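Listed below, chain by chain, are the residues.
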Amino acid sequence: MRQTPFEQRYQAEWARFSEQLSALEKRTPTSTLEHSKAFVASYRRLCQHLALAQARGYSPQLIEHLHQLTLRGHQLIYRHPGNIRQRLLGFLLADFPQLVRAEWRLVAVASALFYGSLLVMGLLVYYTPDLVYSLLDPAQVANMESMYRPDAERIGALPERASSQDWQMFGYYIRNNIGIAFQTFAGGLLYGLGTLFFLLFNGLNIGAVAGYLTQLGSGSTFWPFVVGHGAFELTAITLAGSAGLKLGWALVAPGRLRRSDALRHAAKPCVGMIAGVFVLLTLAAFVEAYWSSSAALSPTLKYSAGALLWLAVGGYFGLAGRNRHAPE
């Protein structure tokens, strides 16, 4: 359907919704609004109209008009004054995994780039150990060997940080992990090239370290260390990469929209995605500082806990929020 017949068919409906919005915003009747099935049904129809307008490449003015209406409707429906905890739980238990599932194609591409490069480099370095020096200098390699030696006081800690307390290492891991994720995401603004670089760069480096330490005989220390927090950290990197790829694709192929408009529309779900990524990285830093680095825990226990965490992450993104209407 062309834009003009589309507007003529639904213009009256949009006008009624706008009038209802104005009336509700003046009275702010949140308790009544939550039980208003008619309003929610109208809101969902408007969301469908917005999606159709975007998919068909209608004018930016029409898309922006519908976007503003849906945004106002969303704010009314989900506004809970003073109940930040409930909104946060709603995001974590439903909105975040829904965003990830909605972008599954980009998540798959980012995962293939990251894990593919990690696996290939890991195998190459395992069979040709000297290849590690193409990515790491001798001092970095020596640090890796020291960090994962079996008699290390704190596994995975740099020599100068080996005596740091757990909370200090927790802060260090958060800063480091968030820096990597932000670079991967923000690289999407370079038409996606920055995101591609950081996904491959991090995959190659992690693979090189894994392959080198395994052939060296430190795999019995390295793998129990990474298996736990890796469920959160590696997943977060791929999700940051998928968000960066979404920004990059909006710039490369904006369709009938101006690049600035396409970028703005693409950024909306990306903001939610990155918020969830920061939560995952915080969990990863906590596990890494207080669990993974402990030399007192047996490898068997770490492997068992790591397997459960990977299953939990997979189940969370595959199943959480399926009974709730997806965020617009």
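Definitions and limits used
Residues numbered from 1 in each chain as written. Predicted model: local features only at pLDDT ≥ 70, side-chain atom pairs only at ≥ 80, totals over all residues. Heavy atoms only, no water. Phe/Tyr/Trp six-rings, centres within 6.5 Å; stacked < 30°, edge-to-face > 60°. Helix = DSSP H or I, 4+ residues; strand = E, 2+ residues; numbered from the N terminus. Buried < 20%, exposed > 50% of the residue type's maximum accessible area, 1.4 Å probe, protein only. Axes fitted to C-alpha atoms, helices over the stretch in contact; angles between N-to-C directions. Parallel < 35°, antiparallel > 145°, perpendicular 65-115°, else oblique. Nonpolar A, V, L, I, M, F, W, Y, C, P; charged D, E, K, R; others polar. Contact = heavy atoms within 4.5 Å. Core = buried A, V, L, I, M, F, W, Y, C linked by side-chain atoms within 4.5 Å. Domains from an automatic or database assignment. Polar contact = N/O pair within 3.5 Å; in protein donor to acceptor, adjacent residues only side chain to side chain. Patch = residues over 30% accessible without salt bridge, like charges linked within 9 Å, V, L, I, M, F, W, Y side chains within 5 Å. Areas by Shrake-Rupley, 256 points an atom, 1.4 Å probe, with all protein chains shown as cover. Salt bridge = Lys/Arg side-chain N within 4 Å of Asp/Glu carboxyl O. Left-handed = near helix turned anticlockwise from the far one by under 90°.

Enquirer: What's the story with the packing of aromatic side chains in this structure? I'm lost.
Expert: Ring pairs (aromatic) are described by centroid distance and by the angle formed between their planes. As enumerated under the stated definition, the model contains 16 aromatic pairs in all. Taken together, a centroid distance of 5.1 Å and an interplanar angle of 50 degrees make the contact between Phe6 and Tyr58 tilted. Separated by 52 residues along the polypeptide, Phe6 in helix α1 (residues 3–27) and Tyr58 in the loop between α3 (37–56) and α4 (60–77) bring together distant segments of the chain. Tyr58 gets classed as buried once you look at its relative accessible area, which sits at 5%. Linked through ring pairs, Phe6, Tyr10, Trp14 and Tyr58 together constitute an aromatic cluster.

Enquirer: What is the right way to read the packing of helix α10 (residues 219–252) against helix α11 (residues 259–292) from this model?
Expert: It is the contact of α10 with α11, at a shortest axis distance of 8 Å, that shows an interaxial angle of 170 degrees. In terms of orientation, α10 lies roughly antiparallel with respect to α11. Class assignment for the residues of the contact of α10 with α11 results in 24 nonpolar, five polar and four charged.

Enquirer: Help me out: how do you make sense of the environment of Leu309 in this one?
Expert: Within the secondary structure, Leu309 is located in helix α12 (residues 299–319). The exposure class assigned to Leu309 is partly exposed, which follows from its relative accessible area of 24%. It is 9.0 Å that separates the C-alpha atoms of Leu309 and Gly230, two residues lying 79 residues apart in sequence. The residues contacting Leu309, other than those within four sequence positions of it, are Gly228, Ala231 and Phe232.

Enquirer: Looking at this structure, how should I read the nonpolar core?
Expert: Nonpolar side chains in soluble globular proteins tend to be buried together. In this structure, Trp14, Phe96, Leu239 and Val277 are the most contacted members of the largest nonpolar core, which totals 46 residues. Of the residues forming this core, the biggest block, ten residues, is contributed by α11. A domain split of this core shows at least three residues from each of domain 1 (1–76) and domain 2 (85–317). Beyond its immediate sequence surroundings of up to four residues, Val277 is in contact with Phe96, Ala181, Ala236, Leu239 and Ala240. Counting residues in each nonpolar core, the second largest holds 17 residues, with Leu136, Ile155, Phe222 and Val226 among its members.

Enquirer: Sorry if this is basic, but what is going on with the side chain of Glu103 here?
Expert: Assignment of secondary structure puts Glu103 in the loop between α5 (84–102) and α6 (104–127). A polar side-chain atom of Glu103 sits 3.1 Å from a polar atom in the side chain of Lys246. The residues touching Glu103, leaving out its near neighbours within four places in the chain, are Lys246, Pro269 and Met273.

Enquirer: What is the right way to look at a nonpolar patch on the surface in this model?
Expert: A grouping of Leu190, Tyr191, Leu193, Leu196, Trp249 and Val252 is seen on the molecular surface, where their side chains present a nonpolar patch of about 650 Å² in accessible area. Listed by contribution, the elements that provide at least two residues to the nonpolar patch are α9 (193–216) and α10. Note that Trp249 resides in helix α10. On the basis of relative accessibility, which here comes to 57%, the residue Trp249 falls in the exposed class.

Enquirer: I keep staring at the pattern of salt bridges and nothing clicks. Help me out?
Expert: Inspection of every chain in the model, using the stated rule, returns five salt bridges. Between Glu64 and Arg264 there is a salt bridge whose closest N-O contact spans 3.3 Å. With Glu64 in helix α4 and Arg264 in helix α11, this residue pair connects regions lying 200 residues apart in the sequence. Of the charged contacts in the structure, one is a salt bridge between Asp261 and Arg264, with a shortest N-O distance of 3.1 Å. With a gap of three residues between them, Asp261 and Arg264 both fall in helix α11, about one helical turn apart. The structure contains a network of salt bridges with shared partners spanning Glu64, Arg258, Asp261 and Arg264.

Enquirer: Got a minute to help me understand the packing of α6 against α10 in this structure?
Expert: The angle between the axes and the distance between the axes are what describe a pair of packed helices. Put simply, α6 and α10 touch, their axes get as near as 8 Å, and they point 120 degrees apart. Considering the angle they form, α6 stands oblique to α10. Read as a crossing pair, α6 and α10 show a hand that is right-handed. Contacts from Leu106, Val107, Val109, Ala110, Ser111, Phe114 and Tyr115 in α6 reach Leu234, Thr235, Ile237, Thr238, Leu239, Gly241, Ser242, Leu245 and Lys246 in α10.

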